[in-house]
2 protein chains.
Amino acid sequence: MSKRDPLVIVGAGLAGCVLATYLGRRGYPVEVFERHGDPRDAHVAKRPSLNITLCKRGISALERIGAQEIVLRAAAVAYGRKVHALDGTVAYQPYSNTGDALFSISRAALNDVLLSHAEAQPGVRIHFNRRCAQLDLADGVAHFEDTTTGATNAVQAERIFGADGAYSSVRQHLQKTERFNYSQQYLDQGYTTMKIPPLADGRPALDAGAIHIWPRGQRMSIGFPDREGTFNCSLLLPYRGAHSFETLRTEENVLQCFQELFPDAVGLVPGLVEQFFSRPPNSLVTIRCNPWSYEDKVLLVGDAAHAILPSYGQGANAAFEDCRILDQCIDECGGDWYAVFREFEQRRRPSLNVLADLCVEHFVELTEHVADPKFLRRREVERRLEEVYPDLYQPLYSMVSFTSRPYAEALRISRLQSAAIDEIVLIEGIERSVDRPEVRRLLSQSLRDTSAA
Amino acid sequence: MSKRDPLVIVGAGLAGCVLATYLGRRGYPVEVFERHGDPRDAHVAKRPSLNITLCKRGISALERIGAQEIVLRAAAVAYGRKVHALDGTVAYQPYSNTGDALFSISRAALNDVLLSHAEAQPGVRIHFNRRCAQLDLADGVAHFEDTTTGATNAVQAERIFGADGAYSSVRQHLQKTERFNYSQQYLDQGYTTMKIPPLADGRPALDAGAIHIWPRGQRMSIGFPDREGTFNCSLLLPYRGAHSFETLRTEENVLQCFQELFPDAVGLVPGLVEQFFSRPPNSLVTIRCNPWSYEDKVLLVGDAAHAILPSYGQGANAAFEDCRILDQCIDECGGDWYAVFREFEQRRRPSLNVLADLCVEHFVELTEHVADPKFLRRREVERRLEEVYPDLYQPLYSMVSFTSRPYAEALRISRLQSAAIDEIVLIEGIERSVDRPEVRRLLSQSLRDTSAA
């Protein structure tokens with residue numbers, strides 16, 4: 001190993017760009033290899049995706065590398081969600097009582113900003129159209145194929161970081177090591193994306209300060225505002241059965257499905273049928289693996305280590321948090337990369353395991369319980385509790401989205417408090433007023449349990 | 001597709017041989033391709049393995065293809081387990097009060113018998129040294145490489161069955177299809193095998209009518225009797241930490257580990273140190289995937305579909321049961337292979353999911369709770385209940401091992417009855433006598449819950 005072999009990052013997506021910036025700022029030479037072309041080039045095809053919803057965790061990580069401002073400038077601000085019922089009525093649910101917001105931005109726009117930010121870092125170089133063809137794990141050598149010429153070259157790396165997403169090729173090489181634990185679980189639903197442009201007069205077609213949801217059980221549509229006043233909509237459907245990607249085969253099928261499920265949206269989507277058929281649906285997968293590293297040579301971060309369902313909008317936030325925490329581990333372990341990788345895994349794994357489970361649970365909640373009056377009443381009581389007792393109670397969704405509390409701790413607190421909520425929802429007339437001494441007592445008690453645990 | 005394209009089976013291990021026999025008996029041309037050489041050839045290296053413990057499920061499946069007698073003739077009969085404590089005392093636990101037994105046989109001996117049985121079936125041909133190199137799933141073409149010559153050939157198959165074990169190459173091809181759910185989870189322990197030969201006078205060194213267990217928490221030794229009076233012992237150790245495969249590096253380490261953990265076995269294993277170092281440890285993995293099939297072209301059976309931990313000794317039994325149930329599905333679906341594969345998955349998947357979980361739980365039980373007095377007292381009460389109330393109660397282990405009840409149903413009954421057991425173990429003096437009216441009442445009540453559920 002020469003004195004200044006570079007840190008190699010595979011993947012120049014969201015995680016790869018942020019990681020490159022973090023490592024570049026530390027003075028390391030960083031070489032990033034991206035399989036696809038430069039997405040800032042107008043000729044490179046954009047892959048459709050759900051919008052990214054940045055929240056506190058992700059933004060804190062961007063702040064440390066000076067990227068917060070440029071990213072937020074490109075995002076739309078959503079202070080709550082608007083739920084569109086089948087009868088056309090729309091209910092507004094603010095995310096919090098204190099102005100917490102999600103920052104909605106297309107993956108493509110976010111990636112462009114982060115790429116330019118990473119490239120501006122001295123020491124960081126990004127190579128496009130380079131496919132990771134082979135890794136010599138023990139020697140730390142990565143082999144890349146230039147997808148435009150077919151030429152291959154070998155790069156001697158000081159460390160190799162796999163930031164190459166859910167279908168990570170770096171992880172595929174780790175998978176060949178002994179006793180590698182691995183799991184990939186797909187949802188029975190997939191999604192496709194559609195655009196809602198602004199109205200003729202230039203105003204957004206929907207309230208641009210909210211995320212719009214049309215929940216219909218196993219089927220769902222979500223509209224994310226963009227900075228430009230357009231909405232990037234995701235349509236979630238089962239792969240099989242009624243109103244599914246398998247059965248929606250004709251223009252008539254698609255229109256009928258929309259008219260039945262999302263009647264108030266039909267008029268907002270120009271060329272709805274063409275948009276629907278323009279590309280195959282994207283699948284949704286949860287990926288878990290253990291370990292995330294190989295000795296002191298290779299480390300996975302972001303989706304490559306832990307792809308999760310988008311139910312909490314946490315994928316990119318968790319990936320950025322990975323980078324921030326890895327940076328802390330480097331601070332703390334002073335040059336001992338073996339220790340850095342172990343410490344990183346130890347600190348992140350419990351939280352990411354919990355997050356993966358939460359996303360699966362929350363997905364079921366979103367698709368199955370969202371029309372259940374009992375469930376909705378409980379949610380409403382929780383919202384009121386947060387409003388009246390901000391010092392004593394915060395729903396899980398808020399802890400996940402609007403704090404940097406480790407996911408595992410958020411879940412632990414939520415589970416401990418849920419017994420108190422069970423009791424509180426049984427109180428006669430609770431939905432009319434939560435401001436009662438016994439409610440305060442139950443919540444305080446549950447918090448004491450929390451600190452004791 | 002010609003009229004008589006063969007059914008192709010990949011793998012001539014235990015599952016492959018039994019499946020070949022089942023399908024051959026139906027009159028199909030069956031071609032079996034095995035990656036390794038013919039194990040009946042003395043020059044072919046035997047891979048060490050835990051012994052197989054055949055129980056009712058496996059034996060019923062063998063009975064249908066006329067293989068029961070030849071297999072049992074080659075097996076040793078164990079009516080119970082002998083548990084060797086650290087102080088040298090040995091406790092005998094009969095498997096049941098009615099003479100239920102396990103039939104212990106080395107994997108190699110069982111495979112030899114089943115190979116010859118399959119080959120004797122008209123229409124069944126077995127090809128050795130043929131590695132499955134590629135599958136064209138949609139066309140049903142399998143490509144095999146002759147590992148002795150390097151030559152490859154393509155076989156047009158009517159159907160392809162993956163019976164090629166935990167590291168199935170057929171499954172690897174299914175994994176490339178869309179939205180394939182897959183998981184591999186390794187234990188932190190591995191095992192190595194050792195032989196205990198008969199004494200100088202020809203008598204077995206231990207009671208040959210029992211399976212011998214030396215439980216030491218995370219470490220364990222198990223001695224399986226063979227027909228010849230030898231014992232095939234498995235030594236289970238963690239990969240890392242004290243007394244582990246990582247730290248046992250010298251002759252002295254190994255002897256010290258044995259003297260500390262298995263003092264009464266040291267004198268029984270000739271060349272203990274040489275045996276220990278003669279090969280790397282085997283890992284233990286749980287593999288789950290979904291689906292097990294591709295259209296009406298490909299089906300996985302046995303470990304290829306569902307590799308489980310050996311804690312219940314069910315791997316081969318479950319694989320043979322797969323073959324029996326697949327045979328039933330063929331009977332019932334009259335030539336519609338698409339329906340056969342769906343029916344097979346629907347019937348087997350719930351049971352195999354349950355079995356995989358049970359094996360992980362039971363493994364933890366074996367390694368962690370086996371020295372817990374509360375746990376042992378409960379087990380003893382259960383044993384006594386089975387003795388006194390054979391019509392009302394059967395422990396889970398017995399339902400798994402000594403009945404053909406679907407695994408999922410066995411677990412359901414066991415979970416429902418466990419509340420009754422919780423109450424029964426609290427009864428003052430219950431360990432002295434279980435013959436009390438309230439015990440009968442609790443058990444009957446739990447069984448009524450069972451039938452209602």
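Just so we're clear, the structure is a prediction, and the values are computed from it rather than from any experiment.

Draft legend 1. The arrangement of the confidence of the model for chain A in detail. Mean pLDDT over chain A: 92, with 98% of residues reaching 70 or higher. We note a pTM of 0.89 for the whole complex and an ipTM of 0.85 for its interfaces.

Draft legend 2. Just the packing of helix 11 (residues 337–369) of chain A against helix 14 (residues 407–426) of chain A, in detail. All names here are of chain A. At a closest axis distance of 7 Å, the pairing of helix 11 and helix 14 adopts a crossing angle of 55°. On the basis of the axis angle, helix 11 is oblique to helix 14. When helix 11 is examined against helix 14, the residues Arg348, Pro350, Ser351, Val354, Leu355, Leu358 and Glu361 are found in contact with a partner set consisting of Tyr407, Ala408, Leu411 and Arg415. Split by residue class, the contact of helix 11 with helix 14 holds 7 nonpolar, 1 polar and 3 charged.

Draft legend 3. Molecular detail of the relation of the copies chain A and chain B. Note on the copies: chain A fits chain B at an RMSD of 0.0 Å, the axial shift is 0.0 Å, and the rotation between them is 180°. Such values leave the two copies arranged in the relation of a two-fold axis. When C-alpha distances to the rotation axis are compared across chain A, the minimum falls at Ser183(A), with a value of 2.0 Å. In this assembly, 100% of the residues forming the interface of chain A have copies in chain B that are likewise at the interface, indicating an isologous arrangement.

Draft legend 4. Main features of the packing of aromatic side chains. One pass over the full model with this rule turns up 29 aromatic pairs over all chains. Taking the centre distance of 5.5 Å and the plane angle of 65° together, the rings of Phe258(A) and Phe262(A) count as edge-to-face. Residues Phe258(A) and Phe262(A) agree in their burial class; the two are buried. Both rings, one in Phe245(B) and one in Phe276(B), keep their centres 5.9 Å apart while their planes meet at 20°; by these two values the pair is stacked. Separated by 31 residues along the polypeptide, Phe245(B) in the loop between strand 16 (231–238) and helix 6 (251–261) and Phe276(B) in helix 8 (residues 272–277) bring together distant segments of the chain. Exposure class is identical for Phe245(B) and Phe276(B). Each is buried.

Draft legend 5. Region of interest: the interface of chain A and chain B. Tallying the contact residues gives 12 residues for chain A and 12 residues for chain B. Together, the buried faces of chain A and chain B total about 1200 Å²; carbon and sulfur atoms form 44% of this surface. Where chain A meets chain B, there are 0 salt bridges. The tally of links between chain A and chain B comes to 6 residue pairs in polar contact (both at pLDDT 80 or more). In terms of residue count, strand 13 (residues 181–196) of chain A provides more of the side of chain A that touches chain B than any other element does, 7 residues in total. Of the residues assigned to the side of chain A that touches chain B, the class counts are 5 nonpolar, 6 polar and 1 charged.

Draft legend 6. Local environment of the pairing of strand 15 (residues 219–225) of chain A. Residue and element names in this part refer to chain A. Here strand 15 lies mainly inside the structure; 7 of its 7 residues are buried. Burial of the side chains of strand 15 extends over both faces: Arg219, Ser221, Gly223 and Pro225 are buried on one face and Met220, Ile222 and Phe224 on the other. Two strands pair when backbone bridges link them, and strand 14 (residues 210–216) and strand 15 are joined in this way by 5 bridges, in the antiparallel orientation. Following the sheet pairing, His212 is matched in strand 15 by Gly223. As consecutive antiparallel partners, strand 14 and strand 15 are separated by 2 residues, and within that stretch Gly217 has a phi angle of approximately 65°, a positive value. For strand 15 and strand 16 (residues 231–238), the ladder comprises 6 bridges, and the chain directions are antiparallel. Bridge assignment links Gly223 to a residue of strand 16, and that residue is Cys233. Between the antiparallel neighbours strand 15 and strand 16 lie 5 residues, among them Gly229 with a positive phi of about 90°.

Draft legend 7. Broad picture of helix 11 of chain A. Residues and elements named next belong to chain A. For helix 11, spanning 33 residues, the distance from its first C-alpha to its last is 46 Å, which sits close to the expected 48 Å at 1.5 Å a residue. Arg348 marks where helix 11 bends most, by close to 35°; the proline Pro350 follows one to four residues later. Among the residues of helix 11, the N-terminal cap falls to Asp336, whose side-chain oxygen and the backbone nitrogen of Tyr338 are separated by 3.1 Å.

Draft legend 8. The arrangement of the pattern of salt bridges in detail. All chains considered together, the criterion is met by 62 salt bridges over all chains. One salt bridge connects Lys82(A) with Asp207(A), and the closest N-O pair in it is separated by 3.1 Å. Within this pair, whereas Lys82(A) is found in strand 5 (residues 80–84), its partner Asp207(A) is found in the loop between strand 13 and strand 14, the two being separated by 125 residues in sequence. Note that Glu321(B) and Arg348(B) form a salt bridge whose closest N and O atoms lie 2.9 Å from each other. One end of the pair, Glu321(B), is in helix 10 (residues 315–333); the other, Arg348(B), is in helix 11 (residues 337–369), with 27 residues separating them in the sequence. Considered together, Glu321(B) and Arg348(B) belong to a single accessibility category, that of buried residues.

Draft legend 9. Layout of the sheet that holds strand 10 (residues 141–146) of chain B. All names here are of chain B. What the 3 strands build is an open sheet, ordered 9-10-11; its pairing is antiparallel. Either end of the sheet is taken by a strand with one partner, and the two such strands are strand 9 (130–136) and strand 11 (152–156). Between one strand axis and the next, the sheet turns through 25° on average, direction left out of account.

Draft legend 10. Just the side chain of Ser106(A), in detail. All names here are of chain A. Here Ser106 lies in the loop between strand 7 (102–105) and helix 4 (107–119). On the basis of relative accessible area, Ser106 is assigned to the buried category, the value being 15%. A polar contact is formed between the side chain of Ser106 and the backbone nitrogen of Ala109, at a distance of 3.0 Å.

Draft legend 11. Structural context of the sheet that holds strand 1 (residues 7–10) of chain B. Residues and elements named next belong to chain B. Spatial ordering of the open sheet is given by 8-2-1-12-19-18, a layout of 6 strands whose pairing is mixed. The open sheet is flanked by strand 8 (124–127) and strand 18 (293–294), the only strands paired with a single partner. Sheet topology places strand 1 next to strand 2 (residues 30–33); 4 bridges connect them, and they run parallel. Across the sheet, Val10 pairs through a bridge with Phe33, a residue of strand 2.

Draft legend 12. Highlighting the pairing of strand 13 (residues 181–196) of chain B. Counting buried residues in strand 13 of chain B gives 13 out of 16 residues, a clear majority hidden from the surface. Examined bridge by bridge, strand 13 of chain A and strand 13 of chain B share 3 bridges and lie antiparallel to one another. Paired with Gln184(A) across the bridge in strand 13 of chain B is Tyr182(B). Where strand 13 of chain B lies against strand 17 (residues 282–290) of chain B, 8 bridges are found, and the strand directions are antiparallel. Directly across from Gly190(B), in strand 17 of chain B, lies its bridge partner Ser283(B).

Draft legend 13. Just the environment of Tyr312(B), in detail. All names here are of chain B. Within the secondary structure, Tyr312 sits in the loop between helix 9 (303–306) and helix 10. Distance in space between the C-alpha atoms of Tyr312 and Phe363 is 8.4 Å, their sequence separation being 51 residues. Apart from the residues lying within four places of it in its own chain, the contact partners of Tyr312 are Leu358, Cys359, His362, Leu396, Tyr397, Val400 and Ser401.

Draft legend 14. Representation of the state of the cysteines within the structure. All names here are of chain B. Applying the stated rule across the entire model yields 0 disulfides over all chains. Of all cysteine sulfurs, the one in Cys323 lies closest to Cys17, which takes part in no disulfide; the gap is 9.9 Å. Accessibility expressed as a relative area gives 1% for Cys17, which makes it buried. A residue is classified by how much of its surface remains accessible, and Cys323, at 1% relative accessible area, is buried.

Draft legend 15. Local environment of the environment of Ser283(B). Inspection of the secondary structure puts Ser283(B) in strand 17. Once the C-alpha coordinates of Ser283(B) and Tyr186(B) are considered, the two residues, 97 residues apart in sequence, prove to be 7.2 Å apart. When near neighbours in sequence (up to four residues on either side) are disregarded, Ser283(B) contacts Arg179(A), Tyr167(B), Tyr186(B), Tyr191(B) and Tyr239(B).

Calculation criteria
- Residues numbered from 1 in each chain as written.
- Chains lettered and ligands numbered in written order.
- Predicted model: local features only at pLDDT ≥ 70, side-chain atom pairs only at ≥ 80, totals over all residues.
- Heavy atoms only, no water.
- pLDDT = per-residue confidence, 0-100.
- Axes fitted to C-alpha atoms, helices over the stretch in contact; angles between N-to-C directions.
- Helix = DSSP H or I, 4+ residues; strand = E, 2+ residues; numbered from the N terminus.
- Parallel < 35°, antiparallel > 145°, perpendicular 65-115°, else oblique.
- Contact = heavy atoms within 4.5 Å.
- Nonpolar A, V, L, I, M, F, W, Y, C, P; charged D, E, K, R; others polar.
- Least-squares fit on C-alpha atoms with pLDDT ≥ 70 in both.
- Phe/Tyr/Trp six-rings, centres within 6.5 Å; stacked < 30°, edge-to-face > 60°.
- Buried < 20%, exposed > 50% of the residue type's maximum accessible area, 1.4 Å probe, protein only.
- Buried area = accessible area lost by both parts, 1.4 Å probe.
- Salt bridge = Lys/Arg side-chain N within 4 Å of Asp/Glu carboxyl O.
- Polar contact = N/O pair within 3.5 Å; in protein donor to acceptor, adjacent residues only side chain to side chain.
- Pairing = 2+ DSSP bridges.
- Expected span 1.5 Å × (residues − 1).
- Bend = angle between axes of the 7 residues up to and from the residue.
- Disulfide = S-S within 2.5 Å.

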